[in-house]
There are 2 protein chains.
Amino acid sequence: MATIKEVAKYAGVSVATVSRALNKNGYVSEAAQKKVEEAIKALDYFPNEVARSLYQKRSKMIGLLLPDISNPYFPLLMKGIEENARENGYSVILGNVEEGSKLKQDYMTLFGQQNVAGVLSAVEGTVSQNHSMPIVMLDRVLEEDDYAVYTNDVKGGILAAQAIMDRKPGNVLIIAGPKSVPGSIDRLIGILSVLNPTDVNYEIHQTRSFTIEEAKETAEVIFRKYKKIDSVLASNDLFALAVMKEAQTRGLHIPNDIQVIGYDDIPFSQLVYPGLTTISQPAFKLGYQASDLLIRLINKNKISKKRIKLDPKLMIRDSLRKK
Amino acid sequence: MATIKEVAKYAGVSVATVSRALNKNGYVSEAAQKKVEEAIKALDYFPNEVARSLYQKRSKMIGLLLPDISNPYFPLLMKGIEENARENGYSVILGNVEEGSKLKQDYMTLFGQQNVAGVLSAVEGTVSQNHSMPIVMLDRVLEEDDYAVYTNDVKGGILAAQAIMDRKPGNVLIIAGPKSVPGSIDRLIGILSVLNPTDVNYEIHQTRSFTIEEAKETAEVIFRKYKKIDSVLASNDLFALAVMKEAQTRGLHIPNDIQVIGYDDIPFSQLVYPGLTTISQPAFKLGYQASDLLIRLINKNKISKKRIKLDPKLMIRDSLRKK
DNA sequence: ATCGGGTGTGTAACCGATTACAGTTTTATA
DNA sequence: TATAAAACTGTAATCGGTTACACACCCGAT
């Protein structure tokens, strides 16, 4: 790889002039600009980002902290982030942190050591040690987070509950997501705000994670534990799919014997039979906007909204009964 | 963030001594070592990786090039990579490249500018411009790739085809993956090596991608185009799931009317009804081993095998008929 | 003719680490 | 006790960029 020094030599100018020509700041004569551009082309030169980062005390990278990339909801998020970041000349360092692990602090330290320009985190309790490193929380957001992009989960809960209430439920089972995940609580609040004023029977089954393993377990448990359930509000699509499968295995017909609604709208919801009716979280958009907000913060651009709340949407497929 | 200079001052030694104490090379007296360690703790010092990278002309990062992170096969791969990389003190820069895009060269340049220590790529035709930057190909591997970790796709094809042949197929449909993906061809070779010696009827339907959109389209098309198919060998699980759904929508019973086998064993294959019988690619292990191989290359460690071929496995669930 | 500002350019300091080199002290060996 | 080797330490160069600063030139206004 050629260096700026070699370019300067080839072009017959100083490194300062090359740098100015490259970054188009400061005065550079047309003649010099042209010589530099020729030299760059001739030597196939690309500036070393590491050297830049060192001087600027800030790299063109953003750190991304995710709780579990094997959860299919996150890849979409990542895609949105990656796309926006790339469009803005940033790249993404990946940090995968098992739920509740202490690894998140290690990653934050690492991000600091790498001079990342900012951090996107979907892990609760992410704190910056370095004040010059902005953080935008996404998806899993607390009251106290300054900058955040997330879904209106109360509304999501309401949409899901209304969809069920519109379809004459008998006994409803709510599978509630882990209490450690802020969104789970909001969804439950939304759901209950719809169910409580009615006289519908419901029970709540509490879960501890969003993993596929627990989804499978849970699906088995609920059919033993709760008899005569005919409507299920699941905390995410994984749980919904697991319940559907278990129901079908037990010879129950969906949606006639039991109707199910999910949450997230992961791509697979369309690929099962019957298609899963679910609440769509705009994952790609969430990621894209979060990256956008972070980069605005980095560049100290005007910020219209510190917390961006996106609306979920009801995706009607075939796992609920006809109205 | 504290710098090495501040640590040196606090400890009453030179920066050279601090550096030697940090990296445990060169001579450092016990007294000095202790003073440095105290200073580090007192100032909460972590060495700046960017400065290190600049001097070493190599960072503690590896570049990862993936063709489509929204394909659920890749997150597992990523998880394996991330885990191994982290264990070895490396972090991962993400590069998502739409199939066939020219973006891959941009990313390779970027990786160069970032002084990455090496690159893992699942994108065909990835070439290094910088000889000191080793590349390990994974999953999508060509003959000419020096270092690679991949699945034995011929064997995978054979396993799938045998599973079908063991279960008295009438008319078989092979959904072949895109020709641009090396593995697709091998799978087809494997499948045909089993089918051709028999007198079973089969047809081949060629596809252009592994996307969910094409999977849905294809599922519709094949039921119109190919009548009386009763066994389907899909190029990946997405296509298999789409076919299952379409079949069920048309009132066909799986596996009695039509049996389906997939490829990949993405986590969802367990969550559909009936469970999808498929060929399991050890995605996590693939990623883990690829990272391991790359880091060996980076450290110029002994390498026992330049190309690592992992074996696929038949996962029997319920989408095939009884033997 | 003189002054001032706008242009254009190069030298050198700087970012924060590693390490070559030189100098000093301690220790071991003859 | 002399002497070499080992142990320890600091100064300064280095990695490859950016930019403060100084200097030189050109042009128009006084």
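Fair warning: this is a prediction, and the values are worked out from it, not measured in the lab. (Residues numbered from 1 in each chain as written. Chains lettered and ligands numbered in written order. Predicted model: local features only at pLDDT ≥ 70, side-chain atom pairs only at ≥ 80, totals over all residues. Heavy atoms only, no water.)

Colleague: I would appreciate a short explanation of the side chain of Ser-231 of chain A in the present structure.
Modeller: Residue and element names in this part refer to chain A. Here Ser-231 is to be found in strand β8 (residues 231–233). At a separation of 3.2 Å, a polar atom in the side chain of Ser-231 contacts the side chain of Asp-230. In this structure, Ser-231 is in contact with Ile-164, Pro-169, Gly-170, Asn-171, Val-172, Leu-173, Ile-258, Gln-259 and Arg-321, ignoring residues within four places of it in sequence. (Helix = DSSP H or I, 4+ residues; strand = E, 2+ residues; numbered from the N terminus. Polar contact = N/O pair within 3.5 Å; in protein donor to acceptor, adjacent residues only side chain to side chain. Contact = heavy atoms within 4.5 Å.)

Colleague: How should I be thinking about helix α5 (residues 73–87) of chain B in this particular structure?
Modeller: Side chains of residues three or four places apart in an α-helix project in the same direction, reflecting 3.6 residues per turn. Residue and element names in this part refer to chain B. The terminal C-alpha atoms of α5, which comprises 15 residues, lie 22 Å apart, in line with the 21 Å expected from a rise of 1.5 Å per residue. Counting buried positions along α5 yields 11 of 15 residues, so the element is predominantly enclosed. For α5, the full list of buried residues reads Tyr-73, Phe-74, Pro-75, Leu-77, Met-78, Lys-79, Gly-80, Ile-81, Glu-82, Asn-84 and Ala-85. The positive-phi residue at the C-terminal boundary of α5 is Gly-89, with phi of around 80°. (Expected span 1.5 Å × (residues − 1). Buried < 20%, exposed > 50% of the residue type's maximum accessible area, 1.4 Å probe, protein only.)

Colleague: Help me understand the protein's contact with DNA strand D in this model?
Modeller: Around DNA strand D there are 27 residues in total, and Ile-4 and Ser-19 of chain A together with Tyr-27, Ser-29 and Lys-57 of chain B lie nearest to it. Put simply, 70% of the atoms of DNA strand D that lie within 4 Å of the protein are in sugar or phosphate. In the model, a phosphate oxygen of DNA strand D is placed 2.5 Å from a nitrogen or oxygen of the Ser-19 of chain A side chain. Here Arg-20 of chain B contributes a side-chain N or O atom positioned 2.9 Å from a base nitrogen of DNA strand D. Those elements that provide at least two residues to the surface near DNA strand D are α2 (15–23) and α4 (49–56) of chain A together with α2 (15–23) and α4 (49–56) of chain B. In terms of residue count, the dominant contributor to the surface near DNA strand D is α4 of chain A (4 residues). Residue composition of the surface near DNA strand D, by class: 15 nonpolar, 9 polar and 3 charged. (Near = heavy atom within 4 Å. Nonpolar A, V, L, I, M, F, W, Y, C, P; charged D, E, K, R; others polar.)

Colleague: Which parts of the structure should I look at to understand the domain arrangement of chain A?
Modeller: Frequently, the measure chosen for interface size is the accessible area that the parts lose on association. Residue and element names in this part refer to chain A. Looking at chain A, the domain boundaries give domain 1 (4–47), domain 2 (61–150 + 283–311) and domain 3 (153–281). On a C-alpha basis, the centres of domain 2 and domain 3 stand 29 Å from each other. Domain 2 puts 12 residues into the contact, and the matching count from domain 3 is 11 residues. Here domain 2 and domain 3 share an interface that buries about 1100 Å² over both sides, 56% of which is from carbon and sulfur atoms. The largest contributions to the domain 2 side of the interface with domain 3 come from Pro-72, Tyr-73 and Arg-140, which together make up 37% of the buried area. Across the domain 2-domain 3 interface, the total number found is 1 salt bridge. Asp-311 serves as the salt-bridge partner of Lys-155, at 3.2 Å between the closest nitrogen and oxygen. Applying the counting criterion to the domain 2 and domain 3 interface returns 2 residue pairs in polar contact (both at pLDDT 80 or more). (Domains from an automatic or database assignment. Buried area = accessible area lost by both parts, 1.4 Å probe. Salt bridge = Lys/Arg side-chain N within 4 Å of Asp/Glu carboxyl O.)

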